[in-house]
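# Inside the fold
So the chains spell out like this:
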Amino acid sequence: MLERLRDLFEEAQIPQASALAVADLGPERGSALIVGVRAGPNRLLVARQGKLLAEPLTELADPFGSARAIAAGDLDGDGIEEIWIANGDPDRPKAPHADRLFDAYPGGFRDLLAEHPTLCGPLAPSSLAALAFDRTGEGRFGFLVAGAKQPIRLIEQGEDGFLSDCAAYLGLDEILDARIVAQGPGSGRGLEFFIGAGCGPSAWFVPDGAGRFVECSEALDLRAVDLDLVDAAFLDADGTGTVALFCVRRRGAQLLWLRDTTGALRNVAPACLARVSAARALVIADLDNDGFEEIFIANAGEPNRLLGFRERGWRPLDPGEALEPTTVPTAALAADLDEDGRLELVIARAAGAGGGLACYRVADSDNNWIRIAPRTRNGAPARGALVRLAAQGRIQWRIVGGSRGNGEPVAHFGLGECTRIEWVDVRWPDGAVKRLRAPEPRRTLVVDHPRARVG
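A brief structural summary. No experiment lies behind these values; they were computed from the predicted model shown.

This paragraph deals with the overall build of the protein. Helix and strand counts for the protein come out as four helices and 36 strands. In terms of C-alpha radius of gyration, the protein reaches 20 Å, essentially the compact-globule figure of 23 Å for 455 residues. Expressed along its principal axes, the backbone C-alpha trace of the protein runs to roughly 55 × 50 × 50 Å. Residues classed as buried in the protein amount to 60% of the 455 residues present. In the protein, the proportion of contacts linking residues at least 24 apart, taken out of those at least 6 apart, comes to 53%. Split by element, the accessible area of the protein, about 18000 Å² in all, is 50% carbon and sulfur. With 51 positive and 64 negative side-chain charges, the protein shows a spacing of 3 Å between the two charge centroids.

Dropping the structure here:
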């Protein structure tokens, strides 16, 4: 059961919150919660002594923007994450507000896209989904962005400091009515990407082994037409490490896609997962540290839903105070904001109960846990790294930053009553692997890249 945390945020409400992400802004600011606002200034909340305090508004506020999604990643390899804010409007493909790409500097931020008007200036299309990933493994992230009826873009920064769109070169420039970008462990080496559409076909990209990607929705027998998708995330479908994709939508049954023996996708959602609801956001995380992830579905104008893997199957759980039967959620994520080893569930809301933010946590959970924070060669969070943990005869896995890449850049594992971990493996995007043997629980371990740059 989830209980409301009323003293984590400052008292000031944030009306019309519309997007969320956790970013690492370097040793001075540390971890920060970025809150996008649909019609007003964005917010930057930084953890200080167990609370999230608002930083002074700078360029990041973008008061005339219309934040839809936020992604973070180290674009320039300096060890500090940049922040992409997608300012799209699903009902207006040519939205009046351009995307922003903010680079932090002492005392503020600057918009890198404003400095490249021929690439992403005021007349460029705005995006609805964004995700940062390190395609070369060198610790320099690009931003994969997609929007309504426009080509997917992959914006990277070269050694000369100039930005360029590499999507066509990599085979990613499909034109979709995109709403979702999700990453997950593939059947081969490297991450796969699902681009979910609100209307029309979706796309599934698989690395080809030569540095490019192949769109394989036809081979997967993926007939994602007019599904009205609003969110999606990869998860362990059955507690044994089986990779599946869970999709939620505004109307119609929810979907749990699993590859069958032929390689095609089939929907295996049991009735309790498939139940129709007015879904707006999705969180998959181990909220109670029992060693199995929970699924939280945030619904508009009706009660939210919480499900857990119990007795070898998915079962409905009591959301407690997070039921929120009258609110209109826009985004949600899970992160250990107060650094006590338990995840908080943060919900951004457009209306209802005052709008703004709400924060919840499982009450009375003293289960064990461990948190793994891999770093790139440059010392930034290694988003997209795959972390696997062996304990009590089973293996858990996590993607650093989560399936959508906007989560905290830490792999959080609940352990239940287990006190002995056999091993933890970290696989970076470049294929480098490091194994930690028998790490002690109830701590956060920073794991440097095997070829980390010194100095």
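The next point concerns the side chain of Arg 249. Looking at the secondary structure, you find Arg 249 in strand E20 (residues 243-249). No salt bridge forms around the buried Arg 249; measuring N to O, its nearest opposite-charge neighbour Asp 228 is 7.9 Å away. Among all residues touching Arg 249, those that are not within four sequence positions of it are Leu 227, Asp 228, Leu 229, Val 230, Gln 254, Leu 255, Ser 277 and Ala 279.

What the four strands build is an open sheet, ordered E2-E3-E4-E5; its pairing is antiparallel. Both edges of this open sheet fall to strand E2 (17-24) and strand E5 (51-54), since each of them pairs with a single strand only. For this sheet, the mean inter-axis angle between neighbouring strands, taken without regard to orientation, is 30°. Here four bridges tie strand E3 (residues 31-37) to strand E4 (residues 43-48), and the two strands are oriented antiparallel to one another. If you follow Leu 33 over to E4, its bridge partner there is Leu 45.

Our focus in this paragraph is the pairing of strand E25 (residues 305-310). With five of six residues buried, E25 is to be regarded as a mostly interior element. When strand E24 (residues 294-299) meets E25, the two strands line up antiparallel, connected through four bridges. Paired with Ile 295 across the strands is Leu 307, a residue of E25. Here E24 hands over to E25 after five residues, with Gly 301 in that stretch at a positive phi of 70°. Pairing between E25 and strand E26 (residues 313-317): five bridges, direction antiparallel.

Rules and cut-offs
- Residues numbered from 1 in each chain as written.
- Predicted model: local features only at pLDDT ≥ 70, side-chain atom pairs only at ≥ 80, totals over all residues.
- Heavy atoms only, no water.
- Helix = DSSP H or I, 4+ residues; strand = E, 2+ residues; numbered from the N terminus.
- Rg over C-alpha atoms; globule rule 2.2 N^0.38 Å.
- Buried < 20%, exposed > 50% of the residue type's maximum accessible area, 1.4 Å probe, protein only.
- Contact = heavy atoms within 4.5 Å.
- Areas by Shrake-Rupley, 256 points an atom, 1.4 Å probe, with all protein chains shown as cover.
- Lys, Arg positive; Asp, Glu negative; His and termini not counted.
- Charge placed at Lys NZ, Arg CZ, Asp CG, Glu CD.
- Salt bridge = Lys/Arg side-chain N within 4 Å of Asp/Glu carboxyl O.
- Pairing = 2+ DSSP bridges.
- Axes fitted to C-alpha atoms, helices over the stretch in contact; angles between N-to-C directions.

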